[in-house]
Amino acid sequence: MLTGNLLHPQILGALAGAGHGALLLVADANYPATTTRGPNARIVHLNLRPGTWDAVTVVETLAAQVPVEEALVMAPNTSGPYAMASDPPIWSRFAAALEVAGSPVPLRPLERTAFYAAAGTPEVALTVVTGGTEVYANLLLRVGVVRSP
């Protein structure tokens, strides 16, 4: 019986197969996970209904299981209906979750099409689709290395 906070068998299997440099995508409920999927990515759908299994909870859980050396976020549009004048509020919660997990890496914004391109590469080992409906709640985590004590 597992005693940690992560019990999902598909996620555990994907993390076990992800090595240094692999990417983990945490996607909000609006993300086109099927059409932007990396060829090696296992997709886990946690989006049973809007608002359940939010992206921050998933980031907290994943970052507690693997070292994170890089965090990439989708930069908000600068014009149009989804434009934002400042960073999306969820970004500070992503940063706090990474810090608590022991991986206080800065969030690096990628323009939308660049983010989709990165999320579609063979490096992506896992895509977790959440029920989060907050805009720009998408994050790519790069797996770091486990160092000997």
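Above this text you will find the structure in question.
Each chain has its residues counted from 1, following the order in which its sequence is written. Local features in a predicted model are, by the rule used here, given only for residues with pLDDT of at least 70; side-chain atom pairs are given and counted only at 80 or more, and totals for whole chains, interfaces and linings are based on all residues. Excluded from the side-chain calculation are hydrogens and water; included are all heavy atoms of the structure.

(A) Focus on the pattern of salt bridges. For this document, the term salt bridge refers to a Lys or Arg side-chain nitrogen within 4 Å of an Asp or Glu carboxyl oxygen. Taken as a whole and judged by the stated rule, the model has 4 salt bridges. With its nearest N and O atoms 2.8 Å apart, the salt bridge here joins Arg-108 to Glu-70. Remark: Glu-70 occurs in strand E3 (residues 68-74) and Arg-108 occurs in strand E4 (residues 107-110); sequence separation between them is 38 residues. The closest approach of N and O atoms between Glu-134 and Arg-93, which form a salt bridge, is 2.4 Å. Taken together, the residues span a long stretch of sequence, with Glu-134 in the loop between strand E5 (124-129) and strand E6 (139-143) and Arg-93 in helix H3 (residues 90-100) at a distance of 41 residues. On the accessibility criterion, Arg-93 (37% relative accessible area) is partly exposed. Put simply, DSSP marks the helices as runs of H or I at least four residues long and the strands as runs of E at least two long, and each gets a number from the N terminus on. Buried, partly exposed and exposed residues are distinguished by accessible area as a fraction of the type maximum, computed with a 1.4 Å probe on protein chains only: under 20%, between the cut-offs, and over 50%, respectively.

(B) View of helix H2 (residues 55-63). Among the residues of H2, those classed as buried are Ala-55, Val-56, Val-58, Val-59, Leu-62 and Ala-63. Projection of H2 onto a plane perpendicular to its axis shows the buried side chains occupying an angular sector of 160°, all on one side. Under this definition, polar contacts are N or O atom pairs within 3.5 Å; protein pairs additionally need one hydrogen-donor-capable and one acceptor-capable atom, and for neighbouring residues in sequence, both atoms have to be side-chain atoms. Its side-chain oxygen at 3.1 Å from the backbone nitrogen of Val-56, Asp-54 defines the N-terminal cap of H2. This arc is built from the directions going out from the helix axis to the C-beta atoms.

(C) Here's a closer look at the packing of aromatic side chains. For Phe, Tyr and Trp, rings pair up if their centres lie within 6.5 Å, where Trp contributes its six-membered ring, and each pair is then called stacked (planes under 30 degrees apart), edge-to-face (over 60) or tilted (otherwise). Under the criterion given, the structure shown has 2 aromatic pairs. Aromatic side chains Tyr-31 and Phe-115 sit 6.3 Å apart centroid to centroid with 80° between the ring planes, which places their arrangement in the edge-to-face category. In this pair, Tyr-31 sits in the loop between strand E1 (23-27) and strand E2 (42-45) while Phe-115 sits in helix H4 (residues 112-119), placing the two residues 84 residues apart along the sequence. Assigned by exposure class, Tyr-31 and Phe-115 land together as buried. With centroids separated by 5.3 Å and ring planes inclined at 70°, the aromatic side chains of Tyr-31 and Tyr-116 adopt a geometry described as edge-to-face. Remark: Tyr-116 occurs in helix H4 and Tyr-31 occurs in the loop between E1 and E2; sequence separation between them is 85 residues. A network of ring pairs unites the aromatic residues Tyr-31, Phe-115 and Tyr-116 as a single cluster.

(D) A look at the packing of H2 against H3. Each axis is a line fitted through C-alpha atoms, and for a helix only the stretch in contact is used; angles between axes span 0 to 180 degrees, taken between their N-to-C directions. The interhelical angle for the contact between H2 and H3, taken along N-to-C directions, is 20°, at an axis separation of 9 Å. What the angle tells us is that H2 and H3 run roughly parallel. The two elements H2 and H3 meet at a crossing, and its hand is right-handed. Only Ile-90, Arg-93, Phe-94, Ala-97 and Leu-98 of H3 make contact with H2, whose side of the interface consists of Ala-55, Val-56, Val-59, Glu-60 and Ala-63. All residues other than Ala, Val, Leu, Ile, Met, Phe, Trp, Tyr, Cys, Pro, Asp, Glu, Lys and Arg, Gly among them, are scored as polar; the first ten of these are nonpolar and the last four charged. Residue composition of the contact of H2 with H3, grouped by class: 8 nonpolar, no polar and 2 charged. Roughly parallel means an angle under 35 degrees; roughly antiparallel means over 145; roughly perpendicular covers 65 to 115; every other angle is labelled oblique. A clockwise turn of the near helix away from the far one marks a right-handed crossing, whereas an anticlockwise turn of less than a right angle marks a left-handed crossing. The contact criterion used throughout is that any non-hydrogen atoms of two residues lie within 4.5 Å.

(E) Fine view of the pairing of E6. Among the 5 residues in E6, 5 count as buried, and that is most of the element. By definition, two strands form a pair when at least two bridges between them are found by DSSP. Sheet topology note: the E1/E6 ladder contains 4 bridges and is antiparallel. Within E6, the residue paired with Leu-25 across the bridge is Leu-140. Relative to E6, E3 is paired through 5 bridges, and the arrangement is antiparallel. Directly across from Val-73, in E6, lies its bridge partner Leu-139.

By themselves, these observations are geometric and do not establish any function.
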